[in-house]
Each structure stands twice: as C-alpha cells, then as structure tokens.
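Structural overview for review
Listed below, chain by chain, are the residues.
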Amino acid sequence: MMSDADANPASETYVTSVGGWHPTELNVEVFPDAKLTSFDYYDDDGDSYDYEKGEYFLQTLSVQRSGTQVTFETASPDPVGSFKPQLQYYTVKIHGNVASSVSINGTAINPVANLTSLTGATEGWVAGADPDRGNIPVTYVRIKAGEKQSVVLTTR
C-alpha cells in the first residue's frame, strides 16, 4: 500500500501510472490463515520495455498461521530479475491476535516503544490496533526488503 507521504500534496492525487513512483518503503497488509498464502512483489523501471529482457525485481511474500504462531517470509528475490528497486523496507501489518514475541531469521527481537519509533528503525516490531479497521489487534513488523527473511510471531 502507498503511504500518505507518497501522495502529491499540491494536488492531493496519487501516482497511478508507471514511471512515477519508486517507493523506498512498502506497507504490507497481512491476514494470516491456516492455509499458506503468498503474494509476489514486482517492480521495474516503469519507463521502458527492459522487463522483457529480465530487468525487473520479483520477490515472493508468504504467510501462514499455525496455532499461536504466525510465520511471514520473504523469499530470495528472483535470480532472473536484474532490476534493483529503491525499495528498502517492508512494514508488515499482521492482523489478528497481537504478538507476545517476534523473531527475525531465528533471532528474538525486542519490541519498540510505539509505531513512530518503528518507522525509523532498521527492523523491529510493535503491537497495536488498526484504526482503519475498527481498532482490531495488529502487530507491525519492519524488515529489510530484497532479501530472504523469516519472521515468526508468537501470539497471545
């Protein structure tokens, strides 16, 4: 999802065509299920047909709930694609019971104080509520994009 910061303040419109928007951060809304689900994030230069020659970025994001654990993974980027996007971070908003602990690539990480603190972090997590969806519980996790990552949440 595009953040409010990516809107054009002068016209209050969003970039909707190719070639005009190359995010450095991407917000990912996740609704885990017992069945493994996935989504491919794709990006290219937006200006040319170089994607036909392999000049693109492709990374699969997946999630699965199993009991009190939720596993969110980013696969290694497609080795065929050679385009390097400006994307640096995913902020993953995992809906459902909030986490009591989070690990990234097998290492437990401490929560940050609040959502504002998470925005400036290189990685981290915070439990909260989603005001856009009736304040349902969510866990926000910030991870680096463009590399293989495994995030495991243990929920309450």
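Parameters and conventions
- Residues numbered from 1 in each chain as written.
- Predicted model: local features only at pLDDT ≥ 70, side-chain atom pairs only at ≥ 80, totals over all residues.
- Heavy atoms only, no water.
- Core = buried A, V, L, I, M, F, W, Y, C linked by side-chain atoms within 4.5 Å.
- Buried < 20%, exposed > 50% of the residue type's maximum accessible area, 1.4 Å probe, protein only.
- Helix = DSSP H or I, 4+ residues; strand = E, 2+ residues; numbered from the N terminus.
- Contact = heavy atoms within 4.5 Å.
- Phe/Tyr/Trp six-rings, centres within 6.5 Å; stacked < 30°, edge-to-face > 60°.
- Pairing = 2+ DSSP bridges.
- Axes fitted to C-alpha atoms, helices over the stretch in contact; angles between N-to-C directions.
- Salt bridge = Lys/Arg side-chain N within 4 Å of Asp/Glu carboxyl O.
- pLDDT = per-residue confidence, 0-100.

**Re the nonpolar core**
Of all hydrophobic cores here, the largest spans 24 residues; its most connected members are Phe72, Tyr90, Ile94, Val151 and Leu153. Among the secondary structure elements, those contributing two or more residues to this core are strand 1 (25–30), strand 3 (56–66), strand 4 (69–74), strand 5 (89–95), strand 6 (99–104), strand 9 (136–144) and strand 10 (149–155). Filtering out sequence-adjacent residues up to four positions away, isoleucine 94 remains in contact with Val30, Pro32, Val70, Phe72, Pro137, Val138, Thr139, Val141 and Leu153.

**Thoughts on the packing of aromatic side chains**
If you walk through the whole model with that rule in mind, you get four aromatic pairs. On the basis of an interplanar angle of 25° and a centroid distance of 5.8 Å, the ring pair of tyrosine 42 and tyrosine 56 is categorised as stacked. In this pair, tyrosine 42 sits in strand 2 (residues 37–44) while tyrosine 56 sits in strand 3, placing the two residues 14 residues apart along the sequence. Ring plane angle 45° and centroid distance 6.1 Å describe the contact between tyrosine 49 and tyrosine 51, whose orientation is recorded as tilted. What makes tyrosine 49 exposed here is its relative accessible area of 59%.

**Overview of the pairing of strand 6**
With five bridges joining them, strand 6 and strand 10 adopt antiparallel strand pairing. Within strand 10, the position partnered with valine 102 by the bridge is leucine 153. Sheet topology note: the strand 6/strand 7 (residues 107–109) ladder contains three bridges and is antiparallel. Residue serine 103 lies in a different strand from strand 7, and its bridge partner there is alanine 108. What sits between strand 6 and strand 7 in their antiparallel hairpin is a turn of two residues, with asparagine 105 showing a positive phi close to 55°.

**Description of the sheet that holds strand 9**
An order of 1-5-9-8 is seen for the four strands of this open sheet, with the pairing classed as mixed. Across the chains shown, the open sheet's two edge strands, defined by having one partner strand only, are strand 1 and strand 8 (124–130). Taken pair by pair, the neighbouring strands of this sheet meet at an average axis angle of 20°, ignoring direction. Where strand 1 and strand 5 come together, six bridges link them in parallel fashion. By the bridge assignment for strand 5, valine 30 is matched with isoleucine 94.

**Regarding the pattern of salt bridges**
A full pass over the atoms with the stated rule returns six salt bridges. Note that lysine 93 and glutamate 29 form a salt bridge whose closest N and O atoms lie 3.1 Å from each other. With lysine 93 in strand 5 and glutamate 29 in strand 1, this pair connects stretches of sequence that are 64 residues apart. Residue aspartate 130 is joined to lysine 93 by a salt bridge in which the shortest nitrogen-to-oxygen separation is 3.4 Å. With aspartate 130 in strand 8 and lysine 93 in strand 5, this pair connects stretches of sequence that are 37 residues apart.

**Examining the sheet that holds strand 7**
Strand order in the open sheet made by the six strands is 2-3-4-10-6-7, with antiparallel pairing throughout. Only two strands of the sheet have a single partner each, and these edge strands are strand 2 and strand 7. In this sheet, adjacent strand axes meet at a mean angle of 20° when their direction is disregarded.

**What about the confidence of the model for the chain?**
Looking at the chain as a whole, the pLDDT averages 87, with 87% of positions reaching at least 70. Confidence over residues 6–17 falls short of pLDDT 50; this stretch has ten contacts with residues more than four positions distant or in other chains.

**Here's the deal with the side chain of serine 103**
If you trace the backbone, serine 103 turns up in strand 6. On the basis of relative accessible area, serine 103 is assigned to the buried category, the value being 17%. Once residues within four sequence positions are removed from consideration, serine 103 is found in contact with Ala108, Ile109, Ser150, Val151 and Val152.

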